Amino acid sequence: MMKRVVRFDDLMGCTAAFIDAKTPGSHLKENFSIIGAGVSENPAQHVHITEPHGFTFGGARQPPFIKNSLHSHETAETFWVHSSKWRFYWGLNGTDGEAVLEPGDFISLPTYLFRGFENVGEVKGMLLGYLGSDNPGKVTWAPQVLEAARGHGLVLLSDGRLIDTTIGETVPEGAQETQPLTPAQLEKFKKLTAEEMEPFIIRLSDIKERSGITDENVWPGFAERIYPLAGPYYPIKGQCQGGDDWYFNFNLVAVKGGPNQGSPLYCRDVPEVFNPFDGTWQFSWLDAGKEHSLVLKAGDTFTCPVGVYRSFKNIGSEEAVMYVIVGGDVPAPARLTQEQTATLT
Ligand SMILES: [Fe+2]
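Predicted model only: the values in this text are computed from it and were never measured. (Residues numbered from 1 in each chain as written. Predicted model: local features only at pLDDT ≥ 70, side-chain atom pairs only at ≥ 80, totals over all residues. Heavy atoms only, no water.)

Visitor: I'm lost on the coordination of the iron ion in this one. Help?
Guide: Each angle at a metal carrying four tetrahedral donors should ideally be 109.5 degrees, and each at a metal carrying six octahedral donors should ideally be 90 or 180 degrees. At this site the iron ion is bound by His71 (NE2), His73 (NE2), Glu77 (OE) and Glu77 (OE), with donor distances of 2.1 to 2.6 Å. Taken in chain order, the donor set of the iron ion reads H-x1-H-x3-E. Look at His73 and you get buried, because its relative accessible area is 2%. (Donors = N, O, S within 2.8 Å, 3.2 Å for Na, K, Ca; no water. Buried < 20%, exposed > 50% of the residue type's maximum accessible area, 1.4 Å probe, protein only.)

This is the structure:
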């Protein structure tokens, strides 16, 4: 089971994952592939957990005032702030709108929207985020990003591979370089104001203050401590995030728990991944009738095997928040053990 845990302190990043990695102002950033390769353009990127989940999970670590360049995805992209303060901005020139997020805050970004993000805090910071599907496709860069990257030694091929000529890599014979999008191709990209993006930004204070949901079918015994953040299943701030404008194949929620609060023993037939934002969380599971456990802290990742009965509990002394991702557009109901069902009914 410990092979399914990735400790925050053990994360292995890549400093040349994307075409802008050597462009001044966007260099010094690291990309992390925690579950699945995600959209890294560098085949040398380390992938911590390769088992397909139907979605991918990764991270971006950047020092203050380093930017991740304007780009878009063919699936939904979601982030929660692990550390530092981040300015997200969007639109073809990054000027349609912006929002500053603090630790624990969350943002969900739709398909075909150019977005960038900059660490505007005072310390090196980390964002952790999910992309829809096992193969989220290639990153689409704003034309000026490709232009700025020229002359810094990185070449992006049209099949998505990145060639780093500064370390002696060469463009394979017959390979084609990615060309900037034409004005006609740029027409399909979204233009959203800050007001239009507001429903897709959830603050840690929202999670702590808002009441939960009543979906005991999916969250038996702890539904009142669930706060939907992204995905097509639960309306979030009155909006549904679904269809071609998003493409998730997962639903993402926050669980809030006080000391000793947690879940009953339950199991799912789909992947479920846990990321504590803060606190100390104990996971217990049954194997051959015996109970085992492990402990996660802030920024750690645990992907529970399909079909294993598990429970979790906040074992810290303060209220804590954990992000939980359940695979599929419609989250499969949880199954309880017979004894648990008997105690709940
Ligand atoms: Fe992205």
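Visitor: Looking at this structure, how should I read the nonpolar core?
Guide: What tends to happen in soluble globular proteins is that the nonpolar side chains get buried as a cluster. In terms of nonpolar packing, the biggest core is built from 49 residues, with Phe88, Ile207 and Leu252 touching the most fellow members. No other element matches the four residues that strand β11 (residues 125-132) contributes to this core. Composition of this core by domain shows at least three residues from each of domain 1 (2-197) and domain 2 (199-344). With residues up to four places along the chain from it excluded, the contact list for Leu252 reads Thr78, Phe106, Tyr130, Pro228, Leu229, Ala230, Tyr323, Val324 and Ile325. Counting residues in each nonpolar core, the second largest holds 29 residues, with Val218, Trp219, Tyr234 and Tyr266 among its members. (Core = buried A, V, L, I, M, F, W, Y, C linked by side-chain atoms within 4.5 Å. Helix = DSSP H or I, 4+ residues; strand = E, 2+ residues; numbered from the N terminus. Domains from an automatic or database assignment. Contact = heavy atoms within 4.5 Å.)

Visitor: How should I be thinking about the sheet that holds strand β7 (residues 86-90) in this particular structure?
Guide: Sheet strands associate in pairs through backbone hydrogen bonding, adopting either a parallel or an antiparallel arrangement. The strand order β8-β7-β10-β5-β12 describes an open sheet built from five strands, whose pairing is antiparallel. Pairing within the sheet leaves two strands with one partner each, and these edge strands are β8 (97-101) and β12 (140-141). Sheet analysis places strand β5 (residues 67-72) next to strand β10 (residues 115-119), joined by three bridges and oriented antiparallel. Bridge assignment links His71 to a residue of β10, and that residue is Arg115. (Pairing = 2+ DSSP bridges.)

The values reported here are purely geometric and, on their own, carry no functional implication.
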